[in-house]
Amino acid sequence: MKCVTIKKGVDCAFMVSEGCSYKGGQCYPVVEKCEGCERTSEFDGKVYCNSYPEPEAKWDHGACNFATHIQAVVDKAGKVKVNPLKASKRAAKGRK
Ligand code: SF4
């Protein structure tokens, strides 16, 4: 259903006939760790994630699995490490 609250006109799984069914009846702006991610859009001067209603929660347990600007790798000790993706690497992949 199309959002009628923050992302007006955007198709959203949380929008039901009674309104937004997500926590607090709304979605939440991106957090600092989202900076550089391509999955964002601006609505009324604030930036929101196109894929998830609460970006902060996507970073609670390591790295966001939808992020386009980082790559999460598991090291030998089993710890998740986050590496920034370089735009040039992404561009090169697109040329293959
Ligand atoms: S996909 Fe992840 S990193 Fe990108 S804006 Fe959404 S929550 Fe942030």
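Before going into details, it helps to say that this report is about the structure given with it.

Cut-offs and rules
Residues numbered from 1 in each chain as written. Predicted model: local features only at pLDDT ≥ 70, side-chain atom pairs only at ≥ 80, totals over all residues. Heavy atoms only, no water. Helix = DSSP H or I, 4+ residues; strand = E, 2+ residues; numbered from the N terminus. Buried < 20%, exposed > 50% of the residue type's maximum accessible area, 1.4 Å probe, protein only. Contact = heavy atoms within 4.5 Å. 1 Å grid on protein atoms, 1.4 Å probe; cavity = no way out; pocket = protein on both sides within 12 Å on 5 of 7 lines; lining within 4 Å. Points joined across faces, edges and corners; volume = space filled by probe spheres on them. Nonpolar A, V, L, I, M, F, W, Y, C, P; charged D, E, K, R; others polar. Core = buried A, V, L, I, M, F, W, Y, C linked by side-chain atoms within 4.5 Å. Patch = residues over 30% accessible without salt bridge, like charges linked within 9 Å, V, L, I, M, F, W, Y side chains within 5 Å. Areas by Shrake-Rupley, 256 points an atom, 1.4 Å probe, with all protein chains shown as cover. Salt bridge = Lys/Arg side-chain N within 4 Å of Asp/Glu carboxyl O. Phe/Tyr/Trp six-rings, centres within 6.5 Å; stacked < 30°, edge-to-face > 60°. Lys NZ or Arg CZ within 6 Å of the ring centre and 35° of its normal. Lys, Arg positive; Asp, Glu negative; His and termini not counted. Polar contact = N/O pair within 3.5 Å; in protein donor to acceptor, adjacent residues only side chain to side chain.

## Some remarks on the overall build of the protein chain
Working step 1: When helices and strands are counted, the protein chain shows 2 helices and 6 strands.
Working step 2: The helix and strand sequence of the protein chain, counted from the amino end, reads β-β-β-β-α-β-β-α.
Working step 3: Of all 96 residues assigned to the protein chain, the portion counted as buried reaches 25%.
Working step 4: In the protein chain, of all internal contacts separated by at least 6 residues, the share reaching a separation of at least 24 is 31%.

## Regarding the layout of surface pockets
Working step 1: Taken as a whole, the largest pocket holds about 260 Å³ of empty space.
Working step 2: In terms of lining, the largest pocket is formed by 19 residues, of which the most central are Lys7, Asp11, Cys12, Cys49 and Asn50.
Working step 3: For the lining of the largest pocket, the per-class residue count stands at 12 nonpolar, 5 polar and 2 charged.

## Overview of the nonpolar core
Working step 1: Cys34, Trp59, Ala63, Cys64, Ala67 and Ile70 form the largest nonpolar core, which has 6 residues in total.
Working step 2: Apart from residues no more than four positions distant in its own chain, Ala67 is found in contact with Cys37 and Trp59.

## Some words on a nonpolar patch on the surface
Working step 1: Taken together, the side chains of Val74, Val80 and Val82 define a hydrophobic patch exposed on the protein surface, amounting to about 250 Å² of accessible area.
Working step 2: Along the polypeptide, Val80 turns up in strand E6 (residues 80–84).

## Remarks on the packing of aromatic side chains
Working step 1: Taken as a whole, this structure holds 3 aromatic pairs when the rule is applied.
Working step 2: Ring pairing ties together the aromatic residues Phe14, Tyr22 and Tyr28, which thus form one cluster.
Working step 3: In this structure, Lys58 is placed above the aromatic ring of Tyr52, and the distance from its NZ or CZ to the ring centre is 4.9 Å.
Working step 4: Cation over ring: Lys58 sits above Phe66, and NZ or CZ is 4.4 Å from the ring centre.

## Quick word on empty space enclosed by the protein
Working step 1: If you walk through the whole model with that rule in mind, you get 1 cavity of 30 Å³ or more.
Working step 2: Around the largest cavity, the lining is made up of 13 residues, and of these Cys34, Cys37, Cys49, Trp59 and Cys64 lie nearest the centre.

## Things to note about the side chain of Lys58
Working step 1: With respect to the element layout, Lys58 can be found in helix H1 (residues 55–58).
Working step 2: For the buried Lys58, no salt bridge is present, and the opposite-charge side chain at shortest range is Asp60, 10 Å distant.
Working step 3: Here the side chain of Lys58 touches Asn65 through a polar contact of 2.8 Å, side chain to side chain.
Working step 4: If near-sequence neighbours (up to four positions away) are discounted, Lys58 is found in contact with Tyr52, Ala63, Cys64, Asn65 and Phe66.

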